[in-house]
Amino acid sequence: MTGAAGRVIGRSVARNEDERLLRGRGMYVDDVRAPDALHVAFLRSPVAHARIRVLDVSAARAHPGVTAVWTHADLGEHAEPLPLLFPHEHLPHPKTQQPLAVDEVDFVGQPIAMVIAENRYTAEDAVELIELDLEDLPAVVDYEAAVDQGPLVHADLPTNVAADGTWTVGDPDRAFAEAEIVVRHRFVCERSSSMPMEPRAVLARLDPGTGSLTVWDTTQCVLPVRSALVAKLGLPEDLLHVIAPDVGGGFGLKGYLLYPEELLVPLAALRLRAAVRWNEDRREHFLASNHQRGQAHTIELAATRDGVITGLRDDFVQDQGAFIAYGLITPWIAASHVAGSYRIPNVSVRYRCVYTNKVSVSPMRGVGRPQSSFALERAVDLLAHELGLDRAELRRRNLVQPEDFPYAREGLFFAGYPVVLDSGDYPKALELALDAIGYDGFAAEQALERERGRYLGLGLACYVEGTGEGPYEGARVYVQPTSGKVQVTTGLTTQGQSHATTFAQIAADVLGLEPDQVQIEEGNTAAFGFGAGTFGSRAIVNCANAISLAALEVRDKALRYAANMLEAAAEDLEVGGGMIHVRGVPERSVSLREIAIAVNPIRYTTLDPSTAGVERFAPARTWSGFERGDGPLLEGSAFWAPSSTTWSNGVHAAIVEVDPGTGDVRYLRYVVVHDCGVMVNPAIVNGQIHGGVAQGVANSFFERMVYDETGQHRNASFLDFLMPYATEVPSIEIHHLETPSPLNPLGIKGAGEGGSISPPAVTAAAIEDALAPFGVHVDEAPLDPQRVRALIAAAPGGAA
Amino acid sequence: MKPPPFDYHAPATLDEAVRLRTELGPEASILAGGQSLIPLLNLRFARPSALIDLRRVRELVYVRAGQDGVAVGAMTSQRELERSVDAARLCPLLREAQRCVAHPVIRNRGTVGGTIAHADPAAELPAALRVLAGHVTVRGPRGERRIDADELFQFHFTTSLEPDEILTEVFFPALRPDAGSAYLELSRRHGDYPLAGAAAIAAGDHVRLCFAALGPTPVLVESDDPADWDAAIEPAGDIHASAGYRRELAAVLGGRALALARERATGGAA
Ligand SMILES: Cc1cc2nc3c(=O)[nH]c(=O)nc-3n(C[C@H](O)[C@H](O)[C@H](O)COP(=O)(O)OP(=O)(O)OC[C@H]3O[C@@H](n4cnc5c(N)ncnc54)[C@H](O)[C@@H]3O)c2cc1C
């Protein structure tokens, strides 16, 4: 048996979801019809840190149209802090949030009381009637200072340092003792957020007949949310369904488990025996959906005079916000990527998470990689400068080589697995990027433009991206009994990753179909009961391999039945074009649909004359019972558990122009070299890269969360939080390499986050290069025009 | 982000609108394109007792070009002004400034009268009105009167309209044939309010500059000496730009806008 393998995988087929989504026919949580639903609005803390002296909701309860108003006192057992997901010895002081604040508030936006009313307007009116008297406490805003000074976020803890850990590879102390040159610098990435187009939303409805609760939730993880709600609400799985319909972007922040609202809204539906809806508005999203990024790294490189990097030390602190329910995932991912694409044999990395009076951070696209990559790549540029060596050449001398794979960094861990870079061709990626950006000719062009008063600069950065963490994902593939349409069901969700297309391509490839003949069903716990969710560039690595295995099972069955029907040997059959036919005799063929109908003793060929033809074949079964317990259908189920993580890699290069008069920066070119192993759909990979680079550009020059000294969030709206528009994101030139991963049958690696990693480092390097005549050094992201002007003014050649 | 309760009126004529404006008192607000007012309502920063929506008052929608300038009805969309060929010919500055205002979808709804009445000192059209020495017409219970741009802008978001008056027309005088004009700004993103903006007109030795976002009103200076500009502006700092940085921008953008205006004056081009 042979299929036309590779025929569908690797093709940029149009997206199956486009027709629906681009015409505005998607079904988001707010589109789920529930005209009788009650609406929720929250009273949220107006200050960053305070003791609650008075909380009186009686006037709000008495307001017409209000069904209920809850404070923590009304929650009973649910007033308890939400779970800590990943306890660890490096996290001696974990704190998680109570669903509604008890006695104290720890960040602006923290929910204090919940109003449930006939509509959102009334609910918000009632929120204004709640009497709240707060006694201000000093706010912890500067996380680096908070390591060892000033007030505490949580008075019952001895320190603001929630977590403190160190990972070591080789013998870094010796490497530094023996180094011929050491560079050391502090690099900072500011706190930001990822701003999905659709904020969070939860709708919960109790079916009074069966007592079952259905929860529509914008989560990236329906099954973990279901498990959490089963544990919290005491309903068994058969009475508790979580559905993530279309979701307008997640970027990780919707993979958090659990937000208070995700517990409180279902709880309200259960207690009030009603449908209850909460739509997060943009202001709430700014204040109460998790943030990301904020880290300060002090990094050192040890090297020989001829530019061989022998050691790396990094010591970084993370602005954790007030709580740490997600444990150490973000610092771990930052730490696991700190040596990047380089063969640095001795590494030490210390991470500390510091409580502040701000909303918590949790993993979001990139998750620590952009920060540690910023520190590393800036330090490599600094080393090149100190050595008087070309920065591309320094990188070239230190890259992990193709023959080094698998390349282990013993002592570092990614997603619970030891860090072992599995495959790639890093030198080739670098050369491709240098070539594409015109590295060799750039200096001359730069000099010429400088004479004309234009300041151009080039930035360069390499990155690796650990992807495809387990523990597993699964899939069920079957052929529908009448239409013959292929159905694939998984335990994942999708927030814009195009699963309906890429997953369909996997099944179609095995079954010899076109991708639009395959239907993907996701985001419904009632349809598939096991799995984790869509985050960490893991969905395609885990799920595509599971779908492929399940589809292979379907194909084996189909071939077995087809052999019977065509009275041929299974080895002589070929799969393609939706048909199975005898090799060399295309007219002796049977379609997948005909096989599906033929194996089912309950047929409806009399209802649909077009299917009557199945009777012309020999029987699909050699006896009247079901073979091997196969049942009446073509079906396969499989799970895929990776043995380790797959490592994508790439190189970014950019050319910018800086206006030294205003400090404004414009990208002239942006080149991405990207290797995520076998690409299922290159156009979709490009889309992921575009989105990632756009987020990276945001982190380079636009987005930051601004707080005043009292912890007030000063730019909690799109007026002042500067998400770049299409006009600010450069057009992106992409070059692909495809080094298959040896770790899974399809050779796939993840592609969801790579685009976001390098832009801050590349942009900083390019600005620094453009302003080299002034002697500017860039060690923070994002910059903005004012900071660029300030850098020029402070530089040795400044006073422009 | 839902507004508190308010009464809603949508008069069909200017007379009726003026009557309602008097009757409902200063607690009521005029609603034009809503691009500034609706966000304020949704954030509950503004709590008017009633809205008087002018969208049905069609008599306030026009662009009339004459010898001496362009008269624009208050309810004309910014987009319509931007697209007007006559306006672009008579006052080339308008299209240049208008294109820096937000994005087409917002200019489709935002009105010319709204942006002038809103009097955001960072807004582009107020600076253009002032550098062109324009004026507005307002109507109230005491009848109609004219207010020159120099008198109109009082302070941040404050004009010299009386609480019972409605702005009905904005008049932009034509640029003299021997003059050149230019508008330049630095904004963080395309279409954002500027960190600083400079509108310049040059005719022979005579120059007029008007700066946006550099004081509590658009700041007019009739000098080509950056020291005079620096003395005239009163920039404030915010999270995007300090007062000091805004002063730097005034010098850079003022200089560039003036140079461009002079080049256009002598080149005879727009
Ligand atoms: C995303 C975004 C970006 C923007 N960027 C810019 C920008 O870069 N530059 C810029 O200049 N503007 C910008 N704006 C604002 C936009 O130009 C507004 O449309 C304008 O400022 C107000 O016009 P409006 O017709 O929408 O007025 P409204 O919002 O309806 O009203 C604004 C105020 O003016 C009063 N008012 C309106 N009309 C009259 C009248 N005829 N008589 C008396 N009072 C009246 C109202 O009572 C209200 O107080 C932006 C808006 C948005 C949403």
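Residues numbered from 1 in each chain as written. Chains lettered and ligands numbered in written order. Predicted model: local features only at pLDDT ≥ 70, side-chain atom pairs only at ≥ 80, totals over all residues. Heavy atoms only, no water.

Before going further, it helps to spend a moment on the overall build of chain B. For chain B, the count of helices and strands is eleven helices and 14 strands. The globule rule puts the C-alpha radius of gyration for 270 residues at 18 Å, and the 18 Å found for chain B is close to it. Per-residue burial over chain B gives 56% buried out of 270 residues. Long-range pairs, those at least 24 residues apart, make up 59% of the contacts in chain B with a sequence separation of at least 6. Surface summary for chain B: the accessible area is close to 11400 Å², and the carbon and sulfur share equals 50%. Side chains of chain B give 30 positive and 35 negative charges; the mean places of these two sets differ by 7 Å. (Helix = DSSP H or I, 4+ residues; strand = E, 2+ residues; numbered from the N terminus. Rg over C-alpha atoms; globule rule 2.2 N^0.38 Å. Buried < 20%, exposed > 50% of the residue type's maximum accessible area, 1.4 Å probe, protein only. Contact = heavy atoms within 4.5 Å. Areas by Shrake-Rupley, 256 points an atom, 1.4 Å probe, with all protein chains shown as cover. Lys, Arg positive; Asp, Glu negative; His and termini not counted. Charge placed at Lys NZ, Arg CZ, Asp CG, Glu CD.)

Residue and element names in this part refer to chain A. Overall, mixed pairing links the four strands, which are arranged β19-β27-β28-β29 in an open sheet. The open sheet terminates on both sides in strands that have one partner only, identified here as β19 (455-467) and β29 (733-737). With strand direction ignored, the average angle separating the axes of adjacent strands in the sheet is 15°. Sheet topology note: the strand β28 (residues 665-675)/β29 ladder contains five bridges and is parallel. Opposite V673, over in β29, you have H735 as the bridge partner. (Pairing = 2+ DSSP bridges. Axes fitted to C-alpha atoms, helices over the stretch in contact; angles between N-to-C directions.)

In this section: the domain arrangement of chain B. Residue and element names in this part refer to chain B. Domain boundaries assigned for chain B yield domain 1 (7-53), domain 2 (63-173) and domain 3 (181-264). Distance from the C-alpha centre of domain 1 to the C-alpha centre of domain 2: 19 Å. The interface of domain 1 with domain 2 comprises 13 residues on the first partner and 15 residues on the second. The tally of links between domain 1 and domain 2 comes to one salt bridge. R139 is the salt-bridge partner of D15, the closest N and O atoms lying 2.5 Å from each other. Inspection of the domain 1/domain 2 interface yields two residue pairs in polar contact (both at pLDDT 80 or more). At six residues, helix α1 (residues 14-24) tops the list of elements feeding residues into the side of domain 1 that touches domain 2. Looking at the side of domain 1 that touches domain 2 residue by residue, the classes come out as seven nonpolar, four polar and two charged. (Domains from an automatic or database assignment. Salt bridge = Lys/Arg side-chain N within 4 Å of Asp/Glu carboxyl O. Polar contact = N/O pair within 3.5 Å; in protein donor to acceptor, adjacent residues only side chain to side chain. Nonpolar A, V, L, I, M, F, W, Y, C, P; charged D, E, K, R; others polar.)

Right, let's get into the site of the ligand. Residues and elements named next belong to chain B. Lining the immediate surroundings of the ligand are 29 residues, of which I30, G34, L37, T111 and E124 lie closest. One of the backbone N or O atoms of G34 is found 2.7 Å from an oxygen atom in the ligand. Protein contact buries 87% of the 970 Å² of open area that the ligand shows by itself. A breakdown of the residues in the shell around the ligand according to their chemical character gives 16 nonpolar, eleven polar and two charged. (Near = heavy atom within 4 Å.)

What follows deals with helix α12 (residues 439-451) of chain A. All names here are of chain A. Those residues of α12 lying buried are Y439, F442, Q446 and E449. As for α12, its buried residues are in contact with α10 (391-398), α11 (426-437), β19, β27 (646-658) and α18 (759-770). Where α12 ends, the next residue or the one after it, G453, has phi of about 85°, a positive value.

Okay, the packing of helix α16 (residues 682-701) of chain A against α18 of chain A next. Residue and element names in this part refer to chain A. Their axes nearest at 8 Å, the elements α16 and α18 cross at an angle of 50°. For the element pair α16 / α18, the angle class is oblique. By crossing handedness, the relation of α16 to α18 is classed as right-handed. Side by side, α16 and α18 meet where V693, G696, V697, N699, S700 and F701 of the first sit next to P759, P760, T763 and I767 of the second. (Parallel < 35°, antiparallel > 145°, perpendicular 65-115°, else oblique. Left-handed = near helix turned anticlockwise from the far one by under 90°.)

Taken together, the contact between chain B and chain A spans 24 residues of the former and 32 residues of the latter. Interface area, chain B with chain A, both sides summed: about 2400 Å², of which 55% is carbon and sulfur. If you look at where chain B meets chain A, you find six salt bridges. D125 of chain A is paired through a salt bridge with R44 of chain B; the nearest N and O atoms lie 2.7 Å apart. In this assembly, chain B and chain A are joined by 17 residue pairs in polar contact (both at pLDDT 80 or more). In terms of residue count, helix α11 (residues 243-267) of chain B provides more of the side of chain B that touches chain A than any other element does, six residues in total. Residue composition of the side of chain B that touches chain A, by class: twelve nonpolar, four polar and eight charged. (Buried area = accessible area lost by both parts, 1.4 Å probe.)

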